[in-house]
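Descriptive structure summary
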Amino acid sequence: MTVAAPEGAQRKLRAGVIGLGWAGQQHVAAYAADPAVDLVALSAMEEHLLEQFGQEHDVPGRYQDWKQMIAEAELDVVSIATPTFLHEPMAVHALEAGVHVLTEKPMAQTGEAAARMVEAAHRAGRVLEVSFNHRQRGDVTALKAVVDSGVLGNLYYAKAGWIRRQGIPGLGTWFTKAASSGGGAMMDIGIHMLDMALHLMGEPEVTAASASTHAEFGPLGRGGSGFGISQVEEGVPFEVEDLATAFLRLDGGGTMLLESSWAQWIPHDLCYVTLYGADGGATIEWGGDPTHPHQVLKVWTEVAGIPAELQPVVGEDGRHAAAIAEFLQKVQSGDWAAHEGSLALRRARVIDACYASAKAGAEVALAH
Ligand SMILES: NC(=O)c1ccc[n+]([C@@H]2O[C@H](COP(=O)([O-])OP(=O)(O)OC[C@H]3O[C@@H](n4cnc5c(N)ncnc54)[C@H](O)[C@@H]3O)[C@@H](O)[C@H]2O)c1
């Protein structure tokens, strides 16, 4: 359906969600809690989840056929939280039907598929966003404010990573099949850290990537976790990486190291972004086992010529609710042409370049 911007800003937006795994459930909860939204339709393969979330949030439309939902539910906005290879066909179809789209990360299984989504948003004149919920963390928003104040000076190097002790999602499901996921740890969790680091650094373009990938746990059936609700299929080969390392060149001469791993011989999970600037540095780190979690945000600089360690006060984590609120604000702004998914497309192309580099065993330049 078509919504003119001025009216769209005044009346409640009609929202739908496709996919009711962990990710989809975050979208359902956020829409259901937002007074500016009517959550009117859900779609998933699991009848019992349609029933459960439909009843819990009083959602009238419950569909196993997502195309029927788009055709019938008169949506203004839809969230797509399905296996990654479905993001493109679902987003393009919804955009062509005039619906604004928020899709889960990663945007798509390849940069080419992501580019087709951006083209569809452009043609349709609708918002296309990707849910990078981790940049809504309280430590990230605090550090972003510090960076934007200029205290750290020119940022010329960053290290970012997400390394799990034992966290391969859905061993034997779409997650570990190359054609459906597009990749392993880098595509799944490295993308969050890449997004966070580029966002904090002020969106430098990545000009080249040199990466390597390894699969030492998955092929042996090691490193699995309970993440993901999709059906495990017997005999599905482990076709993606469980560790990826990358060295990225940034425009302006900066560089970034990115490491992503679903399973490692380490004591506990670790996530971090460390920024190195001309006038200061900063680090965000979180991880630990659930009984002993730790979280650090520190900034090092000089105050009145004296070396100083600053500990910014961290606000609440916004996570999915904040990512969804930001998407809704973009829809309600009426400035839809400014939000066609181009930043997320840049991330998809970086991941493509990393996989191409790992395959070639050589640095790969990104075309701009
Ligand atoms: N942002 C985050 O923190 C985060 C966390 C987890 C997953 N994700 C992303 O969210 C997406 C889904 O991940 P998940 O872990 O929830 O997956 P999952 O496998 O647990 O659930 C997938 C859901 O999609 C539904 N689905 C599949 N095919 C469908 C179809 N044809 N029509 C309607 N529904 C269909 C399934 O029924 C299921 O409800 C992935 O892209 C993943 O990368 C993001």
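As a reminder, the structure under discussion sits directly above these lines.
Residue positions are given per chain, counted from 1 along the sequence in the order it is written. Thresholds applied to this predicted model are a pLDDT of at least 70 for local features of residues and 80 or more for the giving and counting of side-chain atom pairs; totals over whole chains, interfaces and linings are not thresholded and use all residues. In computing side-chain properties, one takes all heavy atoms of the structure into account and sets aside hydrogens as well as water.

Concerning the overall build of the protein
For the purposes of this entry, the term helix denotes a DSSP run of H or I that reaches at least four residues, the term strand denotes a run of E that reaches at least two, and both are numbered from the N terminus. A count of helical and extended segments in the protein gives 11 helices and 15 strands. The globule rule used here is 2.2 Å times the number of residues to the 0.38 power, and the radius of gyration it is set against is calculated over C-alpha atoms. For the protein, whose C-alpha radius of gyration is 21 Å, the value lies close to the compact-globule estimate of 21 Å for 368 residues. With the C-alpha coordinates of the protein rotated into their principal frame, the extents come out at 60 × 50 × 45 Å. Evaluated residue by residue, the protein yields a buried proportion of 54% over its 368 residues. Long-range pairs, those at least 24 residues apart, make up 72% of the contacts in the protein between residues at least 6 apart in sequence. Here the term buried applies to any residue with accessible area under 20% of the maximum for its type, exposed to any over 50%, and partly exposed to those in between, with areas from a 1.4 Å probe on protein chains only. The contact rule is simple, with two residues in contact once any of their heavy atoms fall within 4.5 Å.

Quick word on the pattern of salt bridges
The term salt bridge refers to a side-chain nitrogen of Lys or Arg lying within 4 Å of a carboxyl oxygen of Asp or Glu. For the coordinates displayed, the defined rule picks out 18 salt bridges. A salt bridge links Glu-51 to Arg-62, with the shortest nitrogen-to-oxygen separation between them at 3.7 Å. Here Arg-62 lies in strand E3 (residues 61–63) and Glu-51 lies in helix H3 (residues 47–56), a separation of 11 residues in the sequence. On the accessibility criterion, Glu-51 (40% relative accessible area) is partly exposed.

Focus: the sheet that holds strand E8 (residues 206–214)
For two strands to be treated as a pair, DSSP must find no fewer than two bridges joining them. One open sheet holds the nine strands; their spatial order is E14-E13-E12-E11-E7-E10-E9-E8-E15, and the pairing between them is mixed. Among the strands making up the open sheet, the edge pair consists of strand E14 (306–310) and strand E15 (364–365). Bridge analysis of strand E9 (residues 243–250) against strand E10 (residues 255–261) gives seven bridges, and the strand direction is antiparallel. Bridging across to E10, Ala-244 finds its partner in Ser-260. Against the sheet, helix H9 (residues 185–201) makes contact with strand E7 (155–163), E8, E9, E10, strand E11 (270–277) and strand E12 (281–287), and its axis sits at roughly 150 degrees relative to E10, the strand it touches most. In the packing of helix H11 (residues 342–360) onto the sheet, the strands contacted are E8, E9 and E15, and the crossing angle to E8 comes to about 55 degrees. Helix axes are fitted to C-alpha atoms over the stretch in contact, other axes to C-alpha atoms as well, and angles between N-to-C directions run from 0 to 180 degrees.

Overview of the sheet that holds strand E4 (residues 77–80)
The parallel open sheet is built from six strands, whose spatial order is E3-E2-E1-E4-E5-E6. At either margin of the open sheet sits one strand with a lone partner, and together these are E3 and strand E6 (128–131). Neighbour-to-neighbour, the strand axes of this sheet turn through a mean angle of 20 degrees, independent of strand direction. Relative to strand E5 (residues 100–104), E4 runs parallel, the two being bridged by four bridges. Residue pairing across strands places Val-78 opposite Val-101, the latter belonging to E5. Relative to the sheet, helix H5 (residues 87–96) contacts strand E1 (13–18), E4 and E5, its axis offset from that of E5 by approximately 170 degrees.

Geometry only, nothing functional implied.
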